[in-house]
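# Working through the structure, step by step
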Amino acid sequence: MRPILPLLLLSVAASGCGDAPVASPTGLAPSTDVIVAPVLPSALLAYSDARLPLPRHFTGPSGGPPAIAADNTPASNVTTDAGATLGRVLFYDRRLSVNGRVSCASCHRQEFAFSDTARLSRGFDGGLTTRHSMGLSNARFYTSGRFFWDERAATLEAQVLQPIADPTEMGERLDELPAKLARAAYYPALFEAAFGTREITTDRVARALAQFVRALVSTNARFDRAVGANGGPNGADLLTAQELLGQQLYIGRAGCARCHGTAAHISDAVHNTGLDATITDAGAGNGRFKAPSLRNVEVRPPYMHDGRFQTLEQVVDFYDRGVRANPALDPRLRTPGGQPQRLNLTVTERDALVAFLKTLTDRTFLTDPRFSDPFVR
Ligand code: HEC
Ligand code: HEC
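Rules used in this analysis
Residues numbered from 1 in each chain as written. Chains lettered and ligands numbered in written order. Predicted model: local features only at pLDDT ≥ 70, side-chain atom pairs only at ≥ 80, totals over all residues. Heavy atoms only, no water. Helix = DSSP H or I, 4+ residues; strand = E, 2+ residues; numbered from the N terminus. Buried < 20%, exposed > 50% of the residue type's maximum accessible area, 1.4 Å probe, protein only. Contact = heavy atoms within 4.5 Å. Areas by Shrake-Rupley, 256 points an atom, 1.4 Å probe, with all protein chains shown as cover. Near = heavy atom within 4 Å. Polar contact = N/O pair within 3.5 Å; in protein donor to acceptor, adjacent residues only side chain to side chain. Nonpolar A, V, L, I, M, F, W, Y, C, P; charged D, E, K, R; others polar. Donors = N, O, S within 2.8 Å, 3.2 Å for Na, K, Ca; no water. Tetrahedral: all angles 85-135°; square planar, octahedral: opposite > 155°, others 65-115°. pLDDT = per-residue confidence, 0-100. Axes fitted to C-alpha atoms, helices over the stretch in contact; angles between N-to-C directions. Parallel < 35°, antiparallel > 145°, perpendicular 65-115°, else oblique. Left-handed = near helix turned anticlockwise from the far one by under 90°. Salt bridge = Lys/Arg side-chain N within 4 Å of Asp/Glu carboxyl O. Core = buried A, V, L, I, M, F, W, Y, C linked by side-chain atoms within 4.5 Å. Phe/Tyr/Trp six-rings, centres within 6.5 Å; stacked < 30°, edge-to-face > 60°. Lys NZ or Arg CZ within 6 Å of the ring centre and 35° of its normal.

Our focus in this paragraph is the overall build of the chain. Counting secondary structure elements, the chain contains 13 helices and four strands. Taking all 377 residues of the chain together, 53% fall into the buried category. Look at the contacts in the chain between residues 6 or more apart in sequence, and 67% of them connect residues 24 or more apart. Of the accessible surface of the chain, which amounts to about 16300 Å², a share of 56% is contributed by carbon and sulfur atoms.

Turning our attention to the site of ligand 1. Taken together, 25 residues sit near ligand 1, with Cys104, Cys107, His108, Arg131 and Phe148 positioned nearest. Between tryptophan 149 and ligand 1, the recorded distance is 2.9 Å, taken from a backbone N or O atom to an oxygen atom. Between arginine 152 and ligand 1, the recorded distance is 3.0 Å, taken from a side-chain N or O atom to an oxygen atom. Elements with a contribution of two residues or more to the shell around ligand 1: helix 3 (104-107), helix 4 (156-159) and helix 5 (162-165). Classifying every residue of the shell around ligand 1 gives 12 nonpolar, eight polar and five charged.

Taken together, His260 (NE2) and Tyr319 (OH) make up the full set of protein donors to the iron atom of ligand 2, lying 2.0 Å away. One can describe the donor arrangement at the iron atom of ligand 2 as octahedral, given that its six donor atoms subtend angles of 83 to 180 degrees at the metal. With histidine 260 in strand 3 (residues 260-261) and tyrosine 319 in helix 11 (residues 312-322), the pair connects residues that are 59 residues apart, well separated along the chain. A residue is classified by how much of its surface remains accessible, and histidine 260, at 13% relative accessible area, is buried.

Our next topic: the confidence of the model for the chain. Predicted confidence across the chain gives a mean pLDDT of 91, with 89% of residues reaching 70 or more. In the model, residues 1-25 has pLDDT below 50 throughout and makes 39 contacts with residues more than four positions away in sequence or in other chains.

Two elements in contact, helix 11 and helix 12 (residues 347-358), have axes separated by 10 Å at closest approach and are oriented at 130 degrees. By the angle between their directions, the pair helix 11 and helix 12 is classed as oblique. Along this stretch, helix 11 crosses helix 12, giving a crossing that reads as right-handed. Here Leu312, Glu313, Val316, Asp317, Asp320 and Arg321 of helix 11 lie close against helix 12, whose contacting residues are Arg350, Leu353, Val354 and Leu357. Along the lines of polarity and charge, the residues of the contact of helix 11 with helix 12 split into five nonpolar, no polar and five charged.

Bringing the pattern of salt bridges into the picture now. Tallying each qualifying case throughout the model produces 23 salt bridges. The salt bridge involving arginine 140 is made with aspartate 71; its shortest N-O contact spans 2.9 Å. Residue arginine 140 is found in the loop between helix 3 and helix 4, and its partner aspartate 71 is found in the loop between helix 1 (56-59) and helix 2 (81-92); the two are separated by 69 residues along the sequence. Notably, a salt bridge pairs glutamate 157 with arginine 214, separated by 2.9 Å at the nearest N-O pair. Linking glutamate 157 in helix 4 with arginine 214 in helix 8 (residues 202-214), this pair joins segments that are 57 residues apart in sequence. This pair shows no difference in class: glutamate 157 is buried, exactly as arginine 214 is. When salt bridges with common partners are traced through the structure, they connect Arg131, Asp150, Arg152 and Asp281 into a single cluster.

This paragraph deals with the coordination of the iron atom of ligand 1. Just one protein atom coordinates the iron atom of ligand 1, and that atom is His108 (NE2), at 2.1 Å. Take histidine 108: it is sitting in the loop between helix 3 and helix 4.

Before going further, it helps to examine the nonpolar core. Phe91 and Tyr187 are the most contacted members of the largest nonpolar core, which has 52 residues in total. With seven residues, helix 8 is the largest single contributor of residues to this core. Once residues within four sequence positions are removed from consideration, phenylalanine 91 is found in contact with Ser103, Cys104, Ala105, His108, Phe114, Leu136, Leu209, Phe212 and Val213. Residues Leu249, Leu294, Leu312 and Val354 belong to the second largest nonpolar core, which totals 26 residues.

With that settled, consider the packing of aromatic side chains. Enumeration over the complete set of coordinates arrives at 16 aromatic pairs. Each ring, one from tyrosine 186 and one from phenylalanine 375, has its centre 6.0 Å from the other, and the planes form 65 degrees; the classification is edge-to-face. Here the residue tyrosine 186 occupies a position in the loop between helix 6 (177-182) and helix 7 (187-195), and phenylalanine 375 occupies one in the segment after helix 13 (363-367), the gap between them amounting to 189 residues. Each member of the aromatic cluster is reached from another via a ring pair, and the members are Tyr47, Phe91, Tyr92, Phe114, Phe212, Phe365 and Phe371. Directly above the aromatic system of phenylalanine 148 lies the positively charged group of arginine 152, at a separation of 3.7 Å from the ring centroid. Against the face of phenylalanine 147 rests lysine 290, its NZ or CZ located 4.2 Å from the ring centre.

The topology assignment puts isoleucine 164 in helix 5. Isoleucine 164 sits in the buried class, given a relative accessible area of 0%. The sequence separation of isoleucine 164 and serine 103 amounts to 61 residues, and the corresponding C-alpha distance is 8.9 Å. Residues contacting isoleucine 164, with those up to four places away along its chain left out, are Leu96, Met170, Gly171, Glu172, Leu174, Leu177, Val205 and Leu209.

As C-alpha cells, then:
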C-alpha cells in the first residue's frame, strides 16, 4: 500500500506560507496553522463488508448468538470505502479542535487500540477528561448501539460530534466546523467521493466519522487464528494449554463471557460491577457502565471507566476477590445468596485468565495502514 495520490498533495497555508508551527505551552502538539494535506493511496482502501467480509466466527454461531447479530450499523449509514476514508482523515485531523492542537487520535491512539495510556486524557487546552478514554476495537458490535461509558449517546453518529464540541476535549463550534473544513483544499473531493457532492455538513462529518469507527474491526488475533472449523478453539494457530485453561474459565467458572460475549468480546449492556461500595460516578445510573470490547485489551492499560487498574492481573484479582457489595451490584456478580462473588481462583487459574486475554491482541489491527495517520508530518 504505497501512498501516492498527487491529487491531494496540495499544501495550503492558512496564515502565511512556511509559518513555523506554534509551540505549545501545554506540551501538546503544536497548532496547525499550516494546512498539510493527508497522503492517501490512489485506489481506495477496503473498509466495507463487501470488500472485506467478516470472518465466519463473527457471522455464524460460535457457542451463542454471533457478533453480527449485535451490529449497530444503521441502514442509513452503512460503511463504504470512501466514507470510512473521509472518516479516517477527519479522525486524524487536528483542525477539528478549536486551536488545531488535538485530533480524535490524540486520545484514541492506534498503537493502544484507540485508547490512551493516561488515566485521563488532555484536551485542546490542557484540561483533563473526567473519565478514561475508551478503546474503539469492535465498537460496531455493541448491541444497543449506545455510546460512552454511561451510554449517554443514543447512536454512534450522535456520539462522534460530542468530543468536537466538548469544552475540554476539542472546544470547536459545530456550526462553524463545515466552513472551517471547507478552507482545507483536500476536503471537498473527499466529501464528494463519500456522499456524492462536495457539500460539507456537520451531519456528513458525523456519518463519516461513525463509518471509520465502525470499520475498526479486529479479527486477526491469535484467538481468531485458533478458532476451529466448528467455532471452538484450536484451529490453525494452536492455543497453549495455559491459554485454553484461561478460555475455559472465561466461558465457564469465572463467568466473564456472560457479560463480555460473542467473538467481538464486547459487553452486552451496562452493569454495576461492584468496583466501589459507595458509588462515586453514577454512570448510566446506579454505577452502571458499558465495557469496550476486550479485543487488544493487553495494549491499552489502565482499565475501567476511571482507569483505576494498571494491569490485567489487577483486573482479574478484582473479579476474583475484590467485588464490593452495593445495592445495585449486578446479579451475575453475586452468589446465589446475594453476596459479592468470590471466585477463589488459584494463582495458576488467574495467570491462565490473563494469558487468555492476551490471545485477543491483534498486531495486524494495531499497525493496519487503513487505520493509521494519513497526515505525514
Ligand atoms: C481529549 C480526549 C479525547 C478526544 C480528543 C476524543 N475523545 Fe473519544 N473519548 C474520550 C473519553 C475520555 C471517552 C469516554 C468518555 C465518557 O464515556 O464519559 C471517549 C469515548 C469515545 C467513544 C465511545 C466508545 C464506546 O464504546 O462507547 C467514541 C466512539 C469516541 N470517543 C470517538 C471519538 C471521536 C470520533 C473523536 C474525534 C471527533 C474523539 N473521540 C475525540 C476522549 C477523547
Ligand atoms: C456482570 C457483567 C460482567 C462480568 C461477569 C465481568 N465483567 Fe468485566 N466488565 C464489565 C463492565 C460493565 C466493565 C466496565 C466497568 C467500569 O469501567 O466501571 C468491565 C470491565 C472489564 C475490563 C476493563 C475494560 C476496559 O476497557 O477498561 C476487563 C479487562 C474485564 N472487565 C475483564 C473481565 C474478566 C476477565 C471477567 C471474568 C473474570 C469479567 N470481566 C467479568 C462487566 C462484567
